[in-house]
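Here's the letter readout for the chains.
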Amino acid sequence: MTAIGIYGSAGRMGRAIIDQLEDAGAVLAGGSDARGDPTSVARVADVLVDFSAPSALESHLAAARAARTPIVIGTTGLTAIHHELIDLAAKDIAVLQTGNTSLGVTLLGILVQEAAARLGAEWDIEIVEMHHRHKVDAPSGTAIQLGEAAARGRSTKLKEVRVDGRAGLVGARTEGTIGFASLRGGSVIGDHQVIFASEGERLELGHRGDDRSIFAKGALRAALWLAGQAPGRYKMGDVLGL
Ligand SMILES: NC(=O)C1=CN([C@@H]2O[C@H](COP(=O)(O)OP(=O)(O)OC[C@H]3O[C@@H](n4cnc5c(N)ncnc54)[C@H](OP(=O)(O)O)[C@@H]3O)[C@@H](O)[C@H]2O)C=CC1
Ligand SMILES: O=C(O)C1=N[C@H](C(=O)O)C[C@H](O)C1
C-alpha cells in the first residue's frame, strides 16, 4: 500500500484526507504541521500531499527534494516566487500543483478555456467565488486557475488582464479584462462561477463543492498517480486524462 505523508495534517484538508485514506487503498506515513518536522515525514513517505500554508512551501519542497519523494501541492495563495520554486523542484522530483483537486473543477477549467476561445473579447469575463469564513487567501487558488484558463483561451496572460475586487470610483470596464470578486462567510466549502457577459445575454459556468471529501479524494487520486511518475511538473488534467 502507498504510504502518504501529509503536510498540514491537523488542518481541515489534512483531516479530510486522513478520513479517505482507507477507501483510497493508502496508509498514513506521517504528518506535520507548523511545529512538525517535514524532513522526517518525507523520508518515510512514498508520496507527500501539502495542504498547509504558502510560508511553508519552500521547506516542504526542500524536504521532498532531499528525500526524492514526489509531492502534490494543494496549498493556495502562492506567488510567482513559489511557482519558480516548484519549477526548480520539478527538475528532481515529480510535483503536481493545483488550486483544486476536484474532478468537477478540473473539467470546468477546460470548459472555461473553450468558451473564452469561442466568444469574442466583447464578452466580459468575471469570476466570483465564495468560501467559508476561515479562508485566508483571496481570490481563491481555483478562481485564479480559472482566470488563467480563460486568459489562455484568449491567447493572453492573466497577469496582463487581471482586475481584483473593484471598489470606489473605478471607471468603466476595460474590454478584455478578467475581473475577480471574493465572498467569505459561514461554512461554504467552495463555490466558483465564471460569468461571460455580453450585450443582452450572459453565459455562466460554475461549480459548487458540497463536501470537502471531493478535494481529499482528488488529492489521494493525484498522489497515487504521482508516486509512479518521473520528475516533472504535472496538473490534475494529467491525472484524470482530461
Ligand atoms: N487544492 C485544493 O483542492 C484545495 C486547497 N486548499 C488549500 O489548502 C490549504 C489548507 O487549507 P485548510 O486545511 O482549510 O486550512 P487549515 O488552516 O485548516 O489547515 C492548515 C494546516 O497547515 C498547517 N500549517 C500552517 N502553517 C504551517 C507552516 N508554516 N508549516 C507547516 N504547516 C503549517 C496548520 O498547522 P498549525 O495548526 O500547526 O498551524 C494546519 O494544520 C489552503 O491553502 C487552502 O486554500 C483547501 C481545499 C482544497
Ligand atoms: O480554502 C479552501 O477551503 C479551498 N481552497 C481552494 C482554493 O483556494 O481554490 C480550493 C477550494 O475551493 C477550497
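Located above this text is the structure these notes cover.
Our subject in this report is the structure included herewith. If you're wondering where the values come from, they're calculated on a predicted model, not measured in any experiment.

## A word on the site of ligand 2
Logical step 1: In the vicinity of ligand 2, 13 residues are found, and the nearest of them are H131, H132, K135, G141 and T142.
Logical step 2: In this structure, T76 approaches ligand 2 through a side-chain N or O atom, which is 3.4 Å from an oxygen atom.
Logical step 3: One of the side-chain nitrogen or oxygen atoms of K135 is found 2.7 Å away from an oxygen atom of ligand 2.
Logical step 4: About the coverage of ligand 2: the protein hides 85% of its 320 Å² of free accessible area.
Logical step 5: Considering only residue class, the shell around ligand 2 consists of 2 nonpolar, 9 polar and 2 charged.

## Side note on the site of ligand 1
Logical step 1: With respect to spatial proximity, 24 residues lie near ligand 1, and among them R12, M13, D33, T76 and T101 are the closest.
Logical step 2: Here an oxygen atom of ligand 1 and a backbone polar atom of T101 are 2.9 Å apart.
Logical step 3: K135 has a polar side-chain atom sitting 2.9 Å from an oxygen atom of ligand 1.
Logical step 4: Contact with the protein chains covers 76% of the free accessible surface of ligand 1, which is 920 Å².
Logical step 5: Along the lines of polarity and charge, the residues of the shell around ligand 1 split into 7 nonpolar, 12 polar and 5 charged.

## With respect to the packing of aromatic side chains
Two numbers describe a pair of aromatic rings. These are the distance of the centres and the angle of the planes.
Logical step 1: For the structure on display, the rule yields 1 aromatic pair.
Logical step 2: Seen from their ring centres, W225 and Y234 are 5.2 Å apart, and the 85° between their planes marks the pair as edge-to-face.
Logical step 3: Exposure remark for Y234: the relative accessible area of 16% places this residue in the buried category.
Logical step 4: Lying across the ring of F180, R162 places its NZ or CZ 5.4 Å from the centre.

Criteria and cut-off values
- Residues numbered from 1 in each chain as written.
- Chains lettered and ligands numbered in written order.
- Predicted model: local features only at pLDDT ≥ 70, side-chain atom pairs only at ≥ 80, totals over all residues.
- Heavy atoms only, no water.
- Near = heavy atom within 4 Å.
- Polar contact = N/O pair within 3.5 Å; in protein donor to acceptor, adjacent residues only side chain to side chain.
- Areas by Shrake-Rupley, 256 points an atom, 1.4 Å probe, with all protein chains shown as cover.
- Nonpolar A, V, L, I, M, F, W, Y, C, P; charged D, E, K, R; others polar.
- Phe/Tyr/Trp six-rings, centres within 6.5 Å; stacked < 30°, edge-to-face > 60°.
- Buried < 20%, exposed > 50% of the residue type's maximum accessible area, 1.4 Å probe, protein only.
- Lys NZ or Arg CZ within 6 Å of the ring centre and 35° of its normal.

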